[in-house]
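# Structural characterization, general
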Amino acid sequence: MSVTRRTVLKGMAAAAATSVTGVPKALARERKKPPADAVGMLYDATRCIGCKACMVKCKEVNHLPPEPGTKVEGMYDAPDDLSGYTKNVIKLYREGDKVSYMKAQCMHCVDPACVSVCMISAFRKDKQGIVTYDPAQCVGCRYCMMACPFNIPKYQWDVAFPKIVKCELCRHRLAEGKLPGCVEACPREAVIFGRLEDLKADAKRRIAAEPGRYYPKVYGETDGGGTQVLYLSAAGIPFEKLGLPDIGDQPLPELSETLQHAVYQGFVAPIVLYGALGIVIYRNRKRQSGEEEGDK
Amino acid sequence: MNSHFRPVGGPILTKTFLVSAAVFAVSAAILVWRFIVGLGPTTAMSDLYPWGIWITYDVVVGTALACGGYAVALLCYVLNKGKYHHLIRPAILTSALGYTLAGVSVIIDLGRYWNVWKVPLLWNWNRNSILLEVAICIMSYVVVLWIELSPAFIEKWEEDAPWQWLRNLSIRIHPWLNKILIPILALGILLPTMHQSSLGSMMLIAMHKLHKLWHTPFLPLLFLLSCIVMGYAAVVFETALADSVFKLPRETKLLAPLSVAMVIVLFAYLAVRIADLAYRGRLGLIFRFDFYSFMFLLEMALFLTPAVLLLFRRFRYNPGVEFVCAMMMMAGGLLYRFDAFLVGFKPAPGWNYFPSVPEMFVTFGLVAFEVMAYLFIVKTFPILGGAPHAAAGTAHGVAGVPAPGR
Ligand code: SF4
Ligand code: SF4
Ligand code: SF4
């Protein structure tokens, strides 16, 4: 085996090996922090009365059409879940005598999977940490939907020219100095808007003040690398029951981006491999054409 | 013609061709419908299963089965097993067709396809996106494959082209083509190495949604190894079919030594798979004997059986066994990729996906188109080796490994 050919094989093996195992520490990706002026929301399930005023307002301020219910015919606007026309939904959890409402919308992750995977950055994180969507950059590949651990981005399945739809924290209203629609509409302050740091402190204060009332955890403080929408649940009702999965503290993009960057750092490995392949092929072809002529 | 490749000739409008054309026509009608009404009414995809068979079969499996060009090029040009040279053209042809149709399938699947021209523009790139790397690599590789195949067209047109300008152009391009061939061949190996492993990396992000039997940091390596096996198996399969359909001499003796390389790759794949599960304490999942463990065991059996059979020289030189082994490797790889993208993908309890009939027909239609294109091209252009291969084998025996015993 010629030296260069060995280099190629070694190169490929090394690429494969670094891609899976001892990714050098230096290459490991740093944990992301929320931006300094990060904003977010806090939803306190114990305060919510399920009036759905927030859903109505959300549709109104985002110009989304009502969706007819599938369970009860003729219901005016009763989406089963988030959809291509619903960015915010109130669900009911019931098990025995345990009952809780749950508000679902984009979590505005600190290190969002959707932003990491989107080819040409239709999803971005703005300077307040809001995860924004720009349809002009979106090709509709739906990888964001595969990637999001909360299954938040939705697609308009029923039209020829669809968009991805998800909550953008009413950034158009924030720009005008207004509150997000749901927050403005809520009669019980079950969902509030504010600076992320303040919301975190507030949530912890509530748990400390009434430990018997709350499940002892603020969901989103660290989950999946942290989210900018935080949740409080009633005592005895773990967050999984509300549809917020236990995903650990590791941000989702960490594994994939670390592996990818380890292999493609500065594009060195592919270029080296390419050069080596070129040389080997060149040599082999030369040797072979020599032999072929010898044969004749 | 200066190579030992020959057009096989014969009538184009055979029964196979016409049946394929009919299937393709049905799928074309469905496609018109898809672009008018959107993906919802035409497919079984949903908000929780945003990717269906158009991605899983046509792209993820299809490109792997189209890795014949990659597998043979790797053996031919890098390991310098020169005597397989005449396998190269048919392999490149199936690769070129497979990858091109995977590209077409992506466009069909994209919801906002009219924005796709923005993807190659450098300043738009999100360099963290694995899909971006896959997309750029596949687009480039399609071009590379057709360039690699172009000598077949040029050789033909130099002698007899439907138009004079085409003939002149071919004569002019030929010497130039020879000059760029080496950088192109190298790209033809680099690009699949990159994007086939990255196809596996794409599922890394679905950390909590993908079943633990399939989610592992080794996804890229497993996808790379499996694509080599699948590509090689597809070459064996296609060669056997082409040889019997066009009554060419069988190539078993030439393919057999290649099978040894595949045994190595297969065992490497199996070792990584099992060692990884063991290391992360997930072996128990295999023996739960639920649906997932059954799928996993089936995958393993489809890889292990050919790996063991092909260990024996007796079986390697038996065309029947070789053919069955190739089918098992293709099926095993197909199943692995389906499991990693669809079957093991459980985004939320209570949701399932099974392709709709129109969705399946589009996939059949694309395969039918591939068959038509293949038949047309091998009949018209010098793709398949027409010379008696036994002689070629001896002549080249000195180039690499010793000639196979006979
Ligand atoms: S919840 Fe999903 S869609 Fe929202 S930012 Fe996080 S990953 Fe993106
Ligand atoms: S569907 Fe659009 S927003 Fe989602 S990943 Fe693809 S291009 Fe990005
Ligand atoms: S408006 Fe407030 S109280 Fe009413 S459902 Fe929404 S969050 Fe709950």
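Figured I'd write up the structure that's included with this text. In this text the structure is predicted, and so the values were computed from the model without any measurement.

Below, the discussion takes up the nonpolar core. Note on soluble globular proteins: their nonpolar side chains tend to be buried together. Formed by 205 residues in total, the largest nonpolar core has its most connected members in Phe123, Tyr143, Phe150 and Tyr231 of chain A together with Tyr70, Met202 and Trp214 of chain B. Looking at this core element by element, the count peaks at 15 residues for helix H8 (residues 219-245) of chain B. When residues are assigned to domains, this core turns out to be shared by domain 1 (5-30 + 254-285) and domain 2 (39-250) of chain A, each giving three or more. Not counting residues up to four positions away in its chain, the partners in contact with Tyr231 of chain A are Leu42, Tyr43, Met102, Lys103, Ala104, Gln105, Met107, Lys217, Val218, Tyr219, Phe239 and Leu244 of chain A. Core analysis: the next-biggest nonpolar cluster, separate from the first, contains eleven residues, Leu42, Leu196, Leu199 and Leu232 of chain A among them.

A word on the site of ligand 3. Close to ligand 3 lie Tyr43, Cys48, Ile49, Gly50, Cys51, Lys52, Ala53, Cys54, Ile90, Cys186 and Pro187 of chain A, which account for all nearby residues. A per-class count over the shell around ligand 3 returns nine nonpolar, one polar and one charged.

It is worth spelling out the packing of aromatic side chains at this point. This structure, assessed with the given rule, holds 30 aromatic pairs over all chains. A ring pair is formed by Phe24 of chain B and Phe369 of chain B, whose centres lie 5.1 Å apart and whose planes are at 45 degrees; its orientation type is tilted. Linking Phe24 of chain B in helix H1 (residues 15-37) with Phe369 of chain B in helix H13 (residues 357-380), this pair joins segments that are 345 residues apart in sequence. Judged by its relative accessible area of 27%, Phe24 of chain B falls in the partly exposed class. Taking the centre distance of 4.7 Å and the plane angle of 90 degrees together, the rings of Tyr99 of chain B and Tyr141 of chain B count as edge-to-face. Taken as a pair, Tyr99 of chain B in helix H5 (residues 85-109) and Tyr141 of chain B in helix H6 (residues 130-159) lie far apart in primary sequence, 42 residues in all. Each member of the pair, Tyr99 of chain B together with Tyr141 of chain B, is buried. Aromatic ring contacts, followed pair by pair, group Tyr143 of chain A together with Trp51, Phe223, Tyr269, Phe303, Tyr336 and Phe341 of chain B into a single cluster. Over the ring of Phe35 of chain B we find Arg34 of chain B; its NZ or CZ atom is 4.2 Å from the centre of that ring.

Turning our attention to the side chain of Glu148 of chain B. Its location among the elements puts Glu148 of chain B in helix H6. By relative accessible area, which is 13% here, Glu148 of chain B ends up buried.

On to the environment of Ser226 of chain B. All names here are of chain B. Checked against the element boundaries, Ser226 lands in helix H8. Residue class for Ser226 comes out buried when judged on its relative accessible area of 1%. Between the alpha carbons of Ser226 and Met295 there is a distance of 16 Å; along the sequence they are 69 residues apart. In contact with Ser226, not counting residues within four places along its chain, are Tyr269, Tyr336 and Arg337. Of the polar contacts made by the side chain of Ser226, one reaches the side chain of Arg337; its length is 3.1 Å.

Before going further, it helps to examine the packing of H5 of chain B against H8 of chain B. Residue and element names in this part refer to chain B. Packing of H5 against H8 leaves a shortest axis separation of 10 Å and a crossing angle of 110 degrees. In terms of axis orientation, H5 runs roughly perpendicular to H8. Residue-level contacts link Leu87, Pro90, Ala91 and Thr94 of H5 to Val235, Glu238 and Thr239 of H8. Looking at the contact of H5 with H8 residue by residue, the class counts come to four nonpolar, two polar and one charged.

Take the pattern of salt bridges next. Note on pairing: side chains with opposite charge can pair once their charged atoms come close. As enumerated under the stated definition, the model contains 25 salt bridges over all chains in all. Linking Glu168 of chain A and Arg171 of chain A is a salt bridge whose minimum nitrogen-to-oxygen distance equals 2.8 Å. The exposure class assigned to Glu168 of chain A is buried, which follows from its relative accessible area of 14%. For Arg171 of chain A, a relative accessible area of 36% translates into the label partly exposed. Where Asp160 of chain B meets Lys156 of chain B, a salt bridge forms, and the shortest distance between an N and an O atom there is 3.3 Å. Within this structure, Asp44, Arg47, Asp202, Arg205 and Arg206 of chain A form a network of salt bridges that share partners.

Cut-offs applied
- Here the residue index of a chain counts from 1 through its sequence in written order.
- Chains carry letters and ligands carry numbers; both start at the beginning, A for chains and 1 for ligands, and go up in the order they are written.
- Predicted model: local features are reported for residues with pLDDT of at least 70 only, side-chain atom pairs are reported and counted for 80 or more only, and whole-chain, interface and lining totals are derived from all residues.
- Hydrogens are left out, water is left out, and the side-chain values use all remaining heavy atoms of the structure.
- By nonpolar core is meant a set of buried Ala, Val, Leu, Ile, Met, Phe, Trp, Tyr and Cys residues that side-chain atoms within 4.5 Å join together.
- Working definition: with a 1.4 Å probe on protein chains only, accessible area under 20% of the residue-type maximum means buried, over 50% means exposed, and in between means partly exposed.
- Only DSSP runs of H or I covering at least 4 residues are called helices, and only runs of E covering at least 2 are called strands; the numbering of each starts at the N terminus.
- Annotation comment: domain bounds sourced from an automatic or database domain assignment.
- Residues are treated as being in contact if the distance between any of their heavy atoms lies within 4.5 Å.
- Put simply, a residue is near a molecule or strand once any heavy atom of it comes within 4 Å of that molecule or strand.
- Under this grouping Gly is polar, as are all residues other than the nonpolar Ala, Val, Leu, Ile, Met, Phe, Trp, Tyr, Cys and Pro and the charged Asp, Glu, Lys and Arg.
- We call Phe, Tyr and Trp rings a pair once their centres come within 6.5 Å, taking the six-membered ring for Trp, and we label the pair stacked below 30 degrees between planes, edge-to-face above 60, and tilted otherwise.
- As a reminder, the over-ring test applies to NZ of lysine and CZ of arginine, requiring each to be within 6 Å of the ring centre and within 35 degrees of the ring normal.
- Distance and chemistry together define a polar contact, namely a pair of N or O atoms within 3.5 Å, with one atom able to donate a hydrogen and the other to accept it when in protein, and with adjacent residues in sequence counting only for side-chain atoms on both sides.
- Axes here mean lines fitted to C-alpha atoms, for a helix over just the part in contact, with angles spanning 0 to 180 degrees between N-to-C directions.
- Throughout, the term roughly parallel applies to angles under 35 degrees, roughly antiparallel to angles over 145, roughly perpendicular to angles from 65 to 115, and oblique to all others.
- Each salt bridge in this description consists of a side-chain nitrogen of Lys or Arg and a carboxyl oxygen of Asp or Glu lying within 4 Å of one another.

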